[in-house]
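# Survey of secondary and tertiary structure
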Amino acid sequence: MAQNKVYALLGSHASGKASMISQLVSMGVHYIPSVTTKHFDDRYAYKRKLFQTVKPDAYAQEKLIVNTQYQGSSFGLRKSDVLESYQQHQISIMLLMNSGGIKQLTKFINQDLVTIFLMINEEVFIERMLRAGCSNDEIKYFVEYADTNKEFEQWQDVNFVIKNTSSPRVALEQILAIMGLVTLVPQEEFDKMTA
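Residues numbered from 1 in each chain as written. Predicted model: local features only at pLDDT ≥ 70, side-chain atom pairs only at ≥ 80, totals over all residues. Heavy atoms only, no water.

Attention shifts here to the packing of aromatic side chains. In this description, a pair of aromatic rings is defined by centroid distance and the angle of the planes. Per the stated rule, a full pass over the model turns up 7 aromatic pairs. Centre to centre, the rings of Tyr70 and Tyr145 are 5.4 Å apart; their planes meet at 80°, and the pair counts as edge-to-face. Placement of the pair is Tyr70 in strand β5 (residues 64-70) and Tyr145 in helix α6 (residues 136-148), with a sequence separation of 75 residues. According to the relative accessible area criterion, Tyr145 is buried, its value standing at 16%. Pairing Phe125 with Phe152 gives two aromatic rings, centres 5.4 Å apart and planes at 75°, and the pair type is edge-to-face. A residue pair is termed long-range when its members are at least 10 positions apart, and Phe125 in helix α5 (residues 122-131) and Phe152 in the loop between α6 and β9 (160-163) qualify at 27 residues. Exposure remark for Phe125: the relative accessible area of 0% places this residue in the buried category. By relative accessible area, Phe152 is classed as partly exposed at 22%. Connected via pairs of aromatic rings, a cluster forms that spans Phe40, Phe51, Tyr70, Phe75, Tyr141, Phe142 and Tyr145. (Phe/Tyr/Trp six-rings, centres within 6.5 Å; stacked < 30°, edge-to-face > 60°. Helix = DSSP H or I, 4+ residues; strand = E, 2+ residues; numbered from the N terminus. Buried < 20%, exposed > 50% of the residue type's maximum accessible area, 1.4 Å probe, protein only.)

A pair of packed helices is captured by two measures, namely the crossing angle of their axes and the spacing between those axes. Where α5 contacts α6, the axes come no closer than 10 Å and their chain directions differ by 145°. Judged by the sense of rotation from one axis to the other, the crossing of α5 with α6 is right-handed. Together, Glu122, Phe125, Ile126, Met129 and Leu130 of α5 and Ile139, Phe142, Val143, Ala146 and Asp147 of α6 make up the contact between the two elements. Per-class residue counts for the contact of α5 with α6 are 8 nonpolar, no polar and 2 charged. (Axes fitted to C-alpha atoms, helices over the stretch in contact; angles between N-to-C directions. Left-handed = near helix turned anticlockwise from the far one by under 90°. Contact = heavy atoms within 4.5 Å. Nonpolar A, V, L, I, M, F, W, Y, C, P; charged D, E, K, R; others polar.)

Attention now goes to the pattern of salt bridges. Taken as a whole and judged by the stated rule, the model has 6 salt bridges. Between Glu144 and Lys140 there is a salt bridge, with the nearest N and O atoms lying 4.0 Å from each other. One end of the pair is Glu144 and the other is Lys140, both in helix α6 and 4 residues apart, which spans about a single turn. The closest approach of N and O atoms between Arg169 and Glu173, which form a salt bridge, is 3.0 Å. Here the residue Arg169 and the residue Glu173 both occupy positions in helix α7 (residues 168-178), the gap between them amounting to 4 residues, near one helical turn. A relative accessible area of 59% places Arg169 in the exposed class. (Salt bridge = Lys/Arg side-chain N within 4 Å of Asp/Glu carboxyl O.)

Structure representation (structure tokens):
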């Protein structure tokens, strides 16, 4: 029997983490929800399905194995959610807000944790912010936050890096390949296709 694996997506703001996880969930991959004190406005309403927003006093009562800060809000993963998911699902996906969560997670599921960083460049970063309707001040804040917190350098702390600057489908296919959710064509069939 195959070992259970937990895959964690990381990346800067606008790297496509939430979009990739939403797509994977729609394909039937189990998702371990994050709990947060952040309230998502209507522009980011799709993220409400991925995060369970709670008040700060309720957040403080949670039994978390990951507890990080991101842009002034707390983000965490409940110990019970992670362990239950790990025990009951062969493959699960989660979202980490920064690489600080990796060290916290490895205490519980070290050999079965696979980390994937979605890499974008500053041009794509700004383009996606504009598409989301962000003002120049918001874009400036996100760029400065990413630079100050070394968001573009967190790739050094992960197992895999996926460049997510073109079609989201390409990045999704790469994630699926890392997760072992694609089947390679046998060599003889491949040879026929390329002949």
